[in-house]
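Secondary and tertiary structure notes
Listed here are the chains, written in short residue letters.
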Amino acid sequence: MSTEGETTTGEDPRERWAARLSRVESRNVTFLESLPPFWTHASGGQVRDAAGNAYLDFSGAFGVAFAGHRHPRVVARIRRQAERLIHGMGDVHPPVAKVEFLEALGARLPWPSSRTILGLSGSDAIEAALKTAYLATGKPGVVAFEGSYHGLTLGALAATGREHFRRPFDRRLADHVRFVPFPDSPAGAKRALAGVTELLAGSSPVPFGAVIAEPIQGRAGIRIPPRGFLAELGRRTRAGGALLITDEIFTGMGRTGVLFAAEHDDTVPDLMCLGKALGGGMPLSACCGPDTVMDAWPPSTGEAIHTSTFLGHPLGCAGGLGFLEALDADDLVGRAGRLGASALGYLKASLHGDADVVEVRGRGLMLGVELRKTGRAGPAAQVAGKALEQGLIVLPGGEDGEVVEVVPPATLASEELEKGLAILVASIRSAR
């Protein structure tokens, strides 16, 4: 059997690894038609693959590596924890690491007294939030937004406004979710708010107890609503007897230049979902809220009604503690604001007047370059392919793959950022 990084003269290692993967993984998971790099090492903003190639990672590994890959504080925490306890019984005999992490996270949440349900994925956090909203309001209906992405488990998928993911499972999805357009302009915000108000005030046989929104739609192509939209959405949601859930899985923990993206609108939600960056690379997510909402859950009687085997996993919580330490020690929130402003200015100046570029937008280190659709399928995928050839990892986003997403680690050195942005601009120009 071949080993990691082994090469044979004249052979592309990606072909061998792709062949091995295709024999053991369900074919719906990894796209192998255009051979991807198979990662073996990563540190900071750098990634290496099985062929020994080096890349700059401007995807943040789906936004997870906000503190960079393998941050020393995260690694140190995980190593110390692994030497003591790898697995515990999170809801029966709780690991100490779970308590320590919940305390450290709770100190940063926007409510005077909060409670949290931990999970392993963003979908876990969304499922917990939707259940919490139902328990707190007694209303099963959910208002969500077109273009939204909240996860692919059945409850989260029902609130996800992307037909690509929904269509194969339509008949399995709950029918109590209604969608309104996500606004890109002040006029769009007025229409969206009117739609939410109408649904909450209507005489639907399924009353609505929750409105769920991403402060910035990530996978939909870094779609940013007008200032003030989220705040007004919160006011109308509560006036209609429902709870506002902010999905901060992508935006939260500093990526947009503030700890939680809802802060851009001075908004405190009723429930908030966190993930991605939260574990410093470990699978860790959280559904958080004030005790006045979270105490809608009944006390455990010894058999929790919402739990999982790996809830509060010691290594995940250790990674989360390391990430929170890095957040402060490296001023990651401030760096995201400063580096993001620099990157946004560079991209706008460099791509100004380019006929193929519709818009450059972003907040903090959550940036998008929207490309004109000219009959080509997924123009951003072509740019991503060109960039990969030059050693830069970016991913396409948007309903039609029209947006190049730029979500790098906040630990990048300024010269790394400049190098990556120059490659991206060249890739956009050469992909025509």
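Now for a quick tour of the structure. Residue numbers run consecutively from 1 along every chain, following the written order of its sequence. The predicted origin of the model limits local features to residues at a pLDDT of at least 70 and limits the giving and counting of side-chain atom pairs to 80 or more, whereas totals for whole chains, interfaces and linings rest on all residues. To obtain the side-chain values, all non-hydrogen atoms of the structure were included, while hydrogens and water were left out.

The next subject is the pairing of strand β11 (residues 357–363). Buried residues dominate β11, accounting for five of its seven residues. Bridge count for β11 against strand β12 (residues 366–371) is six bridges, and the pairing is antiparallel. Looking at the pairing, R363 lines up with M366 of β12. Any two strands with at least two DSSP bridges between them are considered paired. The helix count covers DSSP runs of H or I at least four residues long, the strand count covers runs of E at least two residues long, and both are numbered beginning at the N terminus. From the end of β11 to the start of β12, which pair antiparallel, there are two residues, and G364 there has a positive phi angle of about 60 degrees. Remark: exposure states derive from per-residue accessible area (1.4 Å probe, protein chains only) relative to the maximum for the residue type, with buried under 20%, exposed over 50%, and partly exposed in between.

Below, the discussion takes up the layout of surface pockets. Which parts of space are left empty comes out when a probe the size of a water molecule is rolled across the atoms. Cavities and pockets were defined on a 1 Å grid built over protein atoms only: a cavity is a set of grid points that admits a 1.4 Å probe from which the probe cannot escape, a pocket is an open set flanked by protein on both sides within 12 Å along at least five of seven lines, and lining residues are those with an atom within 4 Å of any such point. Grid points are joined across faces, edges and corners, and a volume is the space filled by probe spheres set on the points. By volume, the second largest pocket is sized at about 770 Å³. In terms of lining residues, the second largest pocket is bounded by 29 residues, among which R115, T116, I117, M294 and W297 are the most central. For the lining of the second largest pocket, the elements supplying multiple residues, two or more each, are α4 (96–106) and β4 (114–119). Tallying contributions element by element places β4 first for the lining of the second largest pocket, with five residues. Residue classes follow a fixed rule: Ala, Val, Leu, Ile, Met, Phe, Trp, Tyr, Cys and Pro count as nonpolar, while Asp, Glu, Lys and Arg count as charged, and any other residue, Gly among them, counts as polar. Grouping the constituent residues of the lining of the second largest pocket by class yields 14 nonpolar, nine polar and six charged.

Turning to the sheet that holds strand β13 (residues 392–393), a few remarks are in order. Strand order in this open sheet of four strands is β1-β2-β3-β13, and the pairing throughout is mixed. Strands at the two margins of the open sheet, each flanked by one partner only, are β1 (39–43) and β13. Summarising the sheet, β1 and strand β2 (residues 46–49) pair through four bridges and their orientation is antiparallel. From the neighbouring strand, A42 faces β2, where its bridge partner is V47.

Moving on, we get to the packing of aromatic side chains. Any Phe, Tyr or Trp ring, taking Trp's six-membered ring, that has another such ring centre within 6.5 Å forms a pair; planes under 30 degrees apart are called stacked, those over 60 apart edge-to-face, and the others tilted. In this structure the tally under the stated criterion is five aromatic pairs. Arranged with centres 5.9 Å apart and planes meeting at 90 degrees, the rings of F145 and F182 form a pair that is edge-to-face. Pair noted here: F145 is in strand β5 (residues 141–145) and F182 is in the loop between β6 (177–180) and α8 (186–201), with a separation of 37 residues, a long-range link. You can call F145 buried: its relative accessible area is 1%. For the ring pair F182 and F229, a centre distance of 6.4 Å and an interplane angle of 75 degrees mean the geometry is edge-to-face. In this pair, F182 sits in the loop between β6 and α8 while F229 sits in helix α9 (residues 229–239), placing the two residues 47 residues apart along the sequence. Residue classification places F182 among the buried positions, given a relative accessible area of 5%. A relative accessible area of 3% places F229 in the buried class. An aromatic cluster is defined as three or more aromatic residues linked by ring pairs; in this entry it consists of F145, F182 and F229. By the criterion adopted, a ring carries a charge over it if an Arg CZ or a Lys NZ lies within 6 Å of its centre and within 35 degrees of its normal. Between R219 and the ring centre of Y149, over which it is positioned, the NZ or CZ distance is 4.6 Å. Sitting over the ring of F250, K276 keeps its end group 5.3 Å from the ring centre.

By this rule the span expected of a helix is its residue count minus one, scaled by 1.5 Å. For helix α12 (residues 332–351), built from 20 residues, the straight-helix expectation of 28 Å at 1.5 Å per residue is met to within 8% by its first-to-last C-alpha distance of 27 Å. Residues L332, V333, G334, A336, L339, G340, A343, L344, L347, S350 and L351 constitute the buried set of α12. Note on contacts: a residue pair is in contact if any heavy atoms of the two residues lie within 4.5 Å. At its buried positions, α12 is contacted by α11 (314–329), β11, β12 and α14 (414–430). Phi turns positive, to about 85 degrees, at G353, one or two residues after α12.

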